[in-house]
Amino acid sequence: MEVTKEDLLSEKAQSVEPKDTSVSNSIELLEAQGFDEAATKKLIRRIDWHLIPFLSLIYLLCFLDRTNIGNARLDHLERDLNLHGLQYNDCLAVLFPFYIAAEIPSNMMMKRLRPSIWLTFIMVFWSLAMICQGFVKNYSGLMATRVFLGIFEGGLFPGVNFYITSWYCRHECGFRMALFFSAATLAGAFGGILARGIAEMNGVGGKAAWAWIFILEGLISILVSFTAYWVINDYPSEAKFLSPEERAEVERRLAVDHGKLSNIFAYKYVWQAIKDWKIYIHMLICMAGFCPIYSFALFLPTIIKNMGYTANEAQLMSVPPYVVACVFTIVASWYADRVRQRGVFLLGFQLVAIVGFALLVSTARPKIQYTGTVFAAIGIYPQIPLGLAWNGNNIGGSLKRATGIAMQVMGGNCGGIIASYVYISRDGPRYTKGHSLLIGIVGMAFFLTLFMTTYLRIENARRDKIAEQTGQTSYTEDQELEQIELADNAPWFRYTV
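A brief structural summary. (Residues numbered from 1 in each chain as written. Predicted model: local features only at pLDDT ≥ 70, side-chain atom pairs only at ≥ 80, totals over all residues. Heavy atoms only, no water.)

1. Focus: the pattern of salt bridges
Taken as a whole and judged by the stated rule, the model has 14 salt bridges. Here Lys278 and Asp276 are joined by a salt bridge, their closest N and O atoms 3.0 Å apart. Comparing Lys278 with Asp276 shows no difference in burial state: the two are buried. The salt bridge partner of Glu459 is Arg463, with a shortest N-O separation of 2.9 Å. A residue pair is termed a helical-turn pair when its members lie 3 or 4 positions apart in one helix, as Glu459 and Arg463 do in helix H22 (residues 432–470) at 4 residues. Like Arg463, Glu459 is buried. Linked through salt bridges whose partners overlap, the residues forming this network are Glu459, Arg462 and Arg463. (Salt bridge = Lys/Arg side-chain N within 4 Å of Asp/Glu carboxyl O. Buried < 20%, exposed > 50% of the residue type's maximum accessible area, 1.4 Å probe, protein only. Helix = DSSP H or I, 4+ residues; strand = E, 2+ residues; numbered from the N terminus.)

2. Points about helix H17 (residues 319–339)
An ideal rise of 1.5 Å per residue puts 30 Å on 21 residues; H17 measures up with 31 Å between its terminal C-alpha atoms. Buried residues of H17: Val319, Pro321, Tyr322, Ala325, Cys326, Thr329, Ala332, Ser333, Ala336 and Asp337, and no others. Burial along H17 is one-sided: seen end-on, the buried residues are contained in an arc of 160°. The inward-facing, buried residues of H17 abut helix H11 (170–198), helix H15 (277–305), helix H16 (311–317), helix H18 (343–362), helix H19 (366–380) and helix H20 (383–393). Two residues or fewer after H17 comes Arg340, characterised by a positive phi angle close to 55°. (Expected span 1.5 Å × (residues − 1). Arc of directions from axis to C-beta. Contact = heavy atoms within 4.5 Å.)

3. Side note on empty space enclosed by the protein
Under the definition given, this model contains 5 cavities of 30 Å³ or more. Of the voids in this model, the largest cavity is the one considered here, and its volume is about 80 Å³. If you list the elements that add at least two residues to the lining of the largest cavity, you get helix H3 (37–67), H11 and H15. Among the elements that make up the lining of the largest cavity, the one with the highest residue count is H11 (4 residues). When grouped by side-chain class, the residues that make up the lining of the largest cavity number 5 nonpolar, 7 polar and no charged. (1 Å grid on protein atoms, 1.4 Å probe; cavity = no way out; pocket = protein on both sides within 12 Å on 5 of 7 lines; lining within 4 Å. Points joined across faces, edges and corners; volume = space filled by probe spheres on them. Nonpolar A, V, L, I, M, F, W, Y, C, P; charged D, E, K, R; others polar.)

4. Description of the side chain of Asn393
Among the structural elements, Asn393 can be located in helix H20. Polar contacts involving the side chain of Asn393 include one to the side chain of Arg342, which spans 3.1 Å. Once you skip the residues sitting within four places of it in the chain, Asn393 turns out to touch Arg170, Cys173, Arg342, Phe493 and Thr496. (Polar contact = N/O pair within 3.5 Å; in protein donor to acceptor, adjacent residues only side chain to side chain.)

5. Structural notes on the nonpolar core
Side chains of a nonpolar character, in soluble globular proteins, are inclined to be buried together. With 128 residues, the main nonpolar core has Tyr59, Phe157 and Tyr381 as its most contacted residues. In terms of residues, this core owes the most to one element, H15, which gives 15 residues. When residues no more than four places from it in sequence are discounted, the contact partners of Phe157 are Tyr59, Tyr99, Phe180, Phe181, Phe290, Ile384, Leu388 and Val409. Of all hydrophobic cores here, the second largest spans 11 residues; its members include Ile104, Met108, Met283 and Met407. (Core = buried A, V, L, I, M, F, W, Y, C linked by side-chain atoms within 4.5 Å.)

And the structure:
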């Protein structure tokens, strides 16, 4: 699709000329003054309550459905399906190529369609794939259901992260992404408790406990999916829970925060993202974050069991590391939003993760190893919302941002393929090779993060210097139209560091 000057003028006109007179008057008033601080906080809290709880619930179910195979393994999944060698690891890994392939097309569909339609569609079908997983009889059946699970789950995480950036200013996104992503840590905790309870259903209806884990958790997901269409609000301009004045204020705040960058659907903005080298650095950082997270989620019950505990004890003991990680994920992202910094927080948590895996490598003593799992969880989980908010904050224009976030999550889920083979049965019970590999991967992320935050600080200083030298604080109509396509390369854009 070719973007013409007329398109850009039309887009600009639409952003300041709403369809009805009341909204038009509201925007004119708000352009001049906006809401006061108390009213703004009340507005944001209202948006939070209508968006974040349900988004967190569906991601909890999504992550639970993707990783509950780790809990099912302790209930004799491998024995009953006659899996040998690396076949279990293959079943973990096969999900991720299809998950990755779905991400960019899915975010483009989010832009084309309404979020309420698209997210409901993918949720219904991944829930069906999850239920079918409880009826498989062999290796081939498990592989097939994991493929479909990956295809339909792939769109949720990048889609919701893009969706959040369509409602909140850049310095507000990190905390909301953390609230959303904290559902992944709760899924780990909830999954262990649920698996322990479902273990008592072994043999009911002729089904093993591992099959009931898949069936029941899939049924929960599909029941929630049937409400998604009515619960998910699409975009601020259409939000029924907001008054016309509140809708106008949300759009005003986003316009001020993001600048007059393009929201037109045009493939040129997809190519802008694909050619942006900074996004590839974020992809690697995200990969190095998701790799230990998936390793943790898929294998933690097995690791704890190999410390000398029973299967039921291991299911329950997998809960505390996730609970502690959840608290740190939320608090760290809240504080990072307050100080409008990302890189320094990522560096700190990467060091904590390295300490955690080092404790797992260094000794066979169960108490120290278990402490290592807690430190590892604290270190790895906060990295994802911090990293996603960092990348999303630094991409200008909605379609480029949607593509860039999807690319980042694609890179992250490449870490899931690696994670599937980090812990091999023959390396148990200590899994020294796996823990050491994760130390190296997190170490790579540390140096990439250090490079990125340093580069962005230097680039911001360079733009400040140019602005000071030229003294240019306003732009003509033609200059604005020219800059609308520059995305984050616009001279007034400043990166979050």
